[in-house]
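Reading the structure
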Amino acid sequence: MKKITNHHSSLFLIELMINLLIFLTIIGLCMQFFIKSTKLTETSKELHSSAIICNRISNIYSHGNTGFDSLLEAFPYSTDFNQNLVIYFDKNFVNTQERKCKYYCLVKTIKSRDHYDKIIISCYRKNKKKEIYSIKTTRYVQKHVQDYN
């Protein structure tokens, strides 16, 4: 009886396993790049939206009345502390209630010169308490002269 050995089939299996290993390694690398690019895209969208909302708050404050009155009108879901204001936003950066918020902007007043009010506007992610964007702005406050007749 002769033994029949087929060397071609074992070589084919080894070749197939090597090709499968290379293919899976390339897929793993591509998945890592895809996940990193997705996170980078989300982070850049978050930064862009934060910059827009901080600039909007800055413009409203600069052209508004004294104190936080104009901001409280524009953003009704806000909490006013004496020298600070917290404005709450959902995942689409729309003003929302505190319990539904994903982001918030903290508006802090800074002591400044006589005719200027200075504030710092910082946007944070609620769950990480990480600052996303921050901006400083000033507003000229006109002093009224009293008439002494």
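Details of unusual backbone geometry
Its identity is not glycine, yet phenylalanine 93 carries a phi of approximately 60°, on the positive side. By the element assignment, phenylalanine 93 lies in the loop between strand 2 (84-89) and strand 3 (103-110).

Considering the pairing of strand 3
Relative to strand 3, strand 2 is paired through 6 bridges, and the arrangement is antiparallel. Bridge pairing links phenylalanine 89 to tyrosine 103 in strand 3. Pairing analysis gives 8 bridges linking strand 3 to strand 4 (residues 116-125), with the strands arranged antiparallel. The residue of strand 4 that forms the bridge with threonine 109 is isoleucine 119.

Focus: the nonpolar core
Generally speaking, nonpolar side chains in soluble globular proteins are found buried as a group. Among the nonpolar cores identified, the biggest contains 19 residues, and Ile57, Leu71, Ile87, Phe89, Cys105 and Val107 are the most heavily contacted of them. Contributing elements (two or more residues each) for this core: helix 1 (7-62), strand 2, strand 3, strand 4 and strand 5 (130-140). Here this core gets 4 residues from one element, more than from any other, and that element is helix 1. Val86, Cys101, Leu106 and Tyr124 belong to the second-largest nonpolar core, a separate cluster that totals 6 residues.

What to know about the side chain of serine 78
When you line up the elements, serine 78 lands in strand 1 (residues 78-80). Within polar-contact distance, the side chain of serine 78 engages the backbone oxygen of phenylalanine 75 at 2.6 Å. Setting aside anything within four residues of it in sequence, one finds serine 78 in contact with Leu72, Leu85, Val86, Ile87 and Tyr88.

Focus on the side chain of arginine 125
Positionally, arginine 125 belongs in strand 4. For arginine 125, the residues in contact, after removing those within four places along its chain, are Glu46, Lys102, Tyr103, Tyr104, Lys130 and Ile132.

A word on the sheet that holds strand 2
If you trace the 5 strands from one edge of the open sheet to the other, you get 1-2-3-4-5, paired in antiparallel fashion. Where the open sheet ends on each side, the last strands, each with one partner, are strand 1 and strand 5. The sheet shows a mean angle of 15° between the axes of neighbouring strands, direction not considered.

Section: the packing of aromatic side chains
Throughout the structure, instances matching the rule amount to 5 aromatic pairs. Between tyrosine 104 and tyrosine 124, the ring centres sit 5.3 Å apart and the planes meet at 20°, which makes this aromatic pair stacked. Separated by 20 residues along the polypeptide, tyrosine 104 in strand 3 and tyrosine 124 in strand 4 bring together distant segments of the chain. For the pair shown, tyrosine 104 and tyrosine 124 are each scored as buried. Each residue in the set Phe75, Phe89, Phe93 and Tyr103 is aromatic and connected to the rest through ring pairs, giving one cluster.

Some remarks on the environment of threonine 96
Residue placement: threonine 96 occurs in the loop between strand 2 and strand 3. Along the chain, threonine 96 and phenylalanine 75 lie 21 residues apart, while their C-alpha atoms are 8.6 Å from each other. With sequence-adjacent residues up to four places away left out, threonine 96 is seen in contact with Tyr77, Tyr88, Phe89, Asp90 and Cys101.

Quick notes on the rules
- Residues numbered from 1 in each chain as written.
- Predicted model: local features only at pLDDT ≥ 70, side-chain atom pairs only at ≥ 80, totals over all residues.
- Heavy atoms only, no water.
- Helix = DSSP H or I, 4+ residues; strand = E, 2+ residues; numbered from the N terminus.
- Pairing = 2+ DSSP bridges.
- Core = buried A, V, L, I, M, F, W, Y, C linked by side-chain atoms within 4.5 Å.
- Buried < 20%, exposed > 50% of the residue type's maximum accessible area, 1.4 Å probe, protein only.
- Polar contact = N/O pair within 3.5 Å; in protein donor to acceptor, adjacent residues only side chain to side chain.
- Contact = heavy atoms within 4.5 Å.
- Axes fitted to C-alpha atoms, helices over the stretch in contact; angles between N-to-C directions.
- Phe/Tyr/Trp six-rings, centres within 6.5 Å; stacked < 30°, edge-to-face > 60°.

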